[in-house]
Structure formats: structure tokens, C-alpha cells
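Listed below, chain by chain, are the residues.
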Amino acid sequence: AQKITQTQPGMFVQEKEAVTLDCTYDTSDQSYGLFWYKQPSSGEMIFLIYQGSYDEQNATEGRYSLNFQKARKSANLVISASQLGDSAMYFCAMRSSGGYNKLIFGAGTRLAVHP
Amino acid sequence: EAQVTQNPRYLITVTGKKLTVTCSQNMNHEYMSWYRQDPGLGLRQIYYSMNVEVTDKGDVPEGYKVSRKEKRNFPLILESPSPNQTSLYFCASLPGLATDTQYFGPGTRLTVL
């Protein structure tokens, strides 16, 4: 069965420091995609970053990078230089090749950035 | 502006009173989905649609119906809501299989008393 596991219910970080949010996944598919979304207190889902299973390089988008370790089935999100506005819920999700673009989500990690 | 809209954004209702949450996208996307979000469970897919008149169940379809009569609209129908359907609901769309971006609506917070 396909599954996403986020083992950190909550994290906190000091402003301007880097933080890593963990995500492990389970799938037997060879082709899949991994996503991270941010959900601020207002509730909307904001797409952050995407990594395809065949991408050889780790994805980066501004202060966000995805540490993709395929053999370990992990796709950790790294946020560099944290800002107060980064305080939010973060979800890791996976899309499999045969899933009609269904996203399978983890339970989420709540990040608090302290000044 | 490319967007997915949902209405209403907030709804409080009572058990058994039929309701519809509308979803509309202006990007001519083929694929649309409904998800519900519950604490500790993340988002789970309720129903999805691959095109007009083509819909299928997701992981948690019980108690819900959908329809796709037009490409842009994908309403979620609760024929007889129950308190366990109290949740945050998201509609999402994307153009096709070969894509890396899913567009989410703003969410509908539903409370069933």
C-alpha cells in the first residue's frame, strides 16, 4: 500500500535558522512524484516544491529544497533562513503513476518559527 | 487569473439536511478531485473525475456524491450529512497525467451539528 509518513507532529526553529521536515514514503511504483505543501492558519494549500522519481538532482525553489534519497525512500523538506511567515502546517504528498493524480498525504508537521 | 473557487467557504448545518459545495476551475483542466482534511490524517481523496461524465471513488467516498456535467464544475453533494462529515474540504484540479502541479481551492469548512 502507498503511504506517506511524517514523524514530526510539531517542530520549532529560531528565525533565520534552517529546519528540516522529515518525510518517508512507501510505494512499489517506479514512477512517482513527491510534493510539499504549506498550509498557513488561513487554511489554503500552497504548493512549495516537487520532485519526480526520475529526477537526478534535488529540487530547489528559493529557500526550499527537497533532500531526495530514493534508496531510503525519503523526501525531506529543508527550509533555509526561516522567517516568521514560515509558521504553518506542512504536508508531504505523493502521486503515483497509476493513481489518476490522486495525492496521498502525510499527517503533516506543524512548524513554529520563533523570533 | 488561474484559480479554483469553492462555495461556500464556511457552512454550519444540521444532520440530514442536504447540501452542495460547489467547485469551479477556469483552467480547462481535465482532472478534478475532492479531498477532506482531518487532524492527524492529512488530506484524503473523496472522489475524482477524469473528464466530463467520468467520475470515480477515492479513498473515503461514503456519504458523498459528485457530478461532472461541465468541465469547469465539480460539485460535492452530501445527501444526508452526519457529524462525522465535519471537516475541511478541498477541491483540486490539474490538466492531466503529465503534470507536477495540482491547484487547490481555498477550502470549505463544514460543521454538521
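Residues numbered from 1 in each chain as written. Chains lettered and ligands numbered in written order. Predicted model: local features only at pLDDT ≥ 70, side-chain atom pairs only at ≥ 80, totals over all residues. Heavy atoms only, no water.

### Considerations on the state of the cysteines
All names here are of chain B. Rule in force here: Count a disulfide wherever a pair of cysteine sulfur atoms falls within 2.5 Å. Think of it this way: any DSSP run of H or I at least four residues long counts as a helix, any run of E at least two long counts as a strand, and we number them from the N terminus.
Taken as a whole and assessed by the stated rule, the structure comprises 2 disulfides over all chains. Cys23 shares a disulfide with Cys91; S-S distance 1.8 Å. Of note, the bridge from Cys23 to Cys91 carries an S-S torsion of about -70 degrees and is left-handed in sense. Highlighted residues: Cys23 in strand 3 (residues 19-25) and Cys91 in strand 9 (residues 87-94), separated in sequence by 68 residues.

### Describing the pairing of strand 6 (residues 54-57) of chain B
For a regular strand, side-chain orientation follows a simple rule: the groups alternate between the two sheet faces. Residue and element names in this part refer to chain B. Going by this rule: Between any two strands, at least two bridges found by DSSP are needed for them to pair.
Both strand 5 (residues 42-51) and strand 6 contribute to a ladder of 4 bridges, which runs antiparallel. For Ser49, the partnering residue across the bridge sits in strand 6 and is Thr55. A loop of 2 residues connects strand 5 with strand 6, the two strands running antiparallel in sequence, and Glu53 in this loop sits at a positive phi of about 65 degrees.

### A word on the environment of A:Ala59
Residues and elements named next belong to chain A. In plain terms, the rule: Working definition: with a 1.4 Å probe on protein chains only, accessible area under 20% of the residue-type maximum means buried, over 50% means exposed, and in between means partly exposed. It only takes one pair of heavy atoms within 4.5 Å for two residues to be counted as in contact.
Within the element layout of this structure, Ala59 appears in the loop between strand 6 (46-52) and strand 7 (60-61). On the basis of relative accessibility, which here comes to 15%, the residue Ala59 falls in the buried class. Each C-alpha atom of the pair Ala59 and Leu77 lies 9.8 Å from the other, and the pair is 18 residues apart in sequence. Those residues in contact with Ala59 that sit more than four places away from it in its chain are Ile49, Tyr50, Gln51, Tyr64, Ser65 and Leu66.

### Description of the packing of aromatic side chains
Cut-off, in case you're wondering: Working definition: rings of Phe, Tyr and Trp (its six-membered ring) pair if their centres are within 6.5 Å, and the pair is stacked with planes under 30 degrees apart, edge-to-face with planes over 60 apart, and tilted otherwise. We count a charge as sitting over a ring when the NZ of a lysine or the CZ of an arginine lies within 6 Å of the ring centre and within 35 degrees of the ring normal.
Summed over the entire model, instances satisfying the criterion amount to 14 aromatic pairs over all chains. Relative to B:Phe104, the ring of A:Phe105 has its centre 6.3 Å away and its plane inclined at 70 degrees; by these criteria the two rings are edge-to-face. You can see A:Phe105 sitting in strand 11 (residues 103-105) and its partner B:Phe104 sitting in strand 10 (residues 103-104), one on each of two chains. Among the residues examined, A:Phe105 registers a relative accessible area of 7% and is labelled buried. By relative accessible area, B:Phe104 is classed as buried at 11%. Summarising the aromatic geometry, the rings of B:Tyr64 and B:Tyr89 are spaced 5.8 Å apart at their centres and angled 65 degrees between planes, so their arrangement reads as edge-to-face. With a gap of 25 residues between them, B:Tyr64 in the loop between strand 6 and strand 7 (65-66) and B:Tyr89 in strand 9 connect regions that are remote in the sequence. Summarising the burial analysis for this pair, B:Tyr64 and B:Tyr89 share the class buried. The cationic tip of A:Arg63 hangs over the ring face of A:Tyr64; the distance from NZ or CZ to the ring centre is 5.7 Å.

### Focus: unusual backbone geometry
The omega torsion of the bond from B:Asn7 to B:Pro8 falls at -5 degrees, within 30 degrees of zero and hence cis. Look at A:Lys16: it is not a glycine, yet its phi comes out positive at around 80 degrees. By the element assignment, A:Lys16 lies in the loop between strand 2 (10-14) and strand 3 (19-21). The exposure class of A:Lys16 is exposed, given its relative accessible area of 71%. Residue B:Glu53 is not a glycine yet carries a positive backbone phi of 65 degrees. Assignment of secondary structure puts B:Glu53 in the loop between strand 5 and strand 6.

### Re the sheet that holds strand 3 of chain B
Each strand in a sheet pairs with its neighbour through backbone hydrogen bonds, running either in the same direction (parallel) or in the opposite one (antiparallel). In spatial order, the strands read 1-3-8-7 (chain B); together these 4 strands make up an open sheet with antiparallel pairing. Each edge of the open sheet is held by one strand with a lone partner, namely strand 1 (4-7) and strand 7 of chain B.

### Some words on the interface of chain A and chain B
The criterion, for reference: Buried area is understood as the total, over both parts, of accessible area removed when two parts are fitted together, assessed with a 1.4 Å probe. The salt bridge criterion pairs a side-chain nitrogen of Lys or Arg with a carboxyl oxygen of Asp or Glu, the two atoms within 4 Å. Whenever two N or O atoms come within 3.5 Å, that pair is a polar contact, provided that in protein one can donate a hydrogen and the other can accept it, and provided that, for residues adjacent in sequence, both atoms are side-chain atoms.
Listed per partner, the contact involves 17 residues of chain A and 22 residues of chain B. Summed over both sides, the interface of chain A with chain B buries roughly 1700 Å², with 56% coming from carbon and sulfur. Put simply, chain A and chain B have 1 salt bridge between them. B:Asp59 is paired through a salt bridge with A:Lys102; the nearest N and O atoms lie 3.0 Å apart. Across the contact surface, chain A and chain B share 3 residue pairs in polar contact (both at pLDDT 80 or more). Of all the secondary structure elements, the ones that give two or more residues to the side of chain A that touches chain B are strand 5 (32-39), strand 6, strand 10 (88-96) and strand 11 of chain A. The biggest single contributor to the side of chain A that touches chain B is strand 5 of chain A, with 3 residues.

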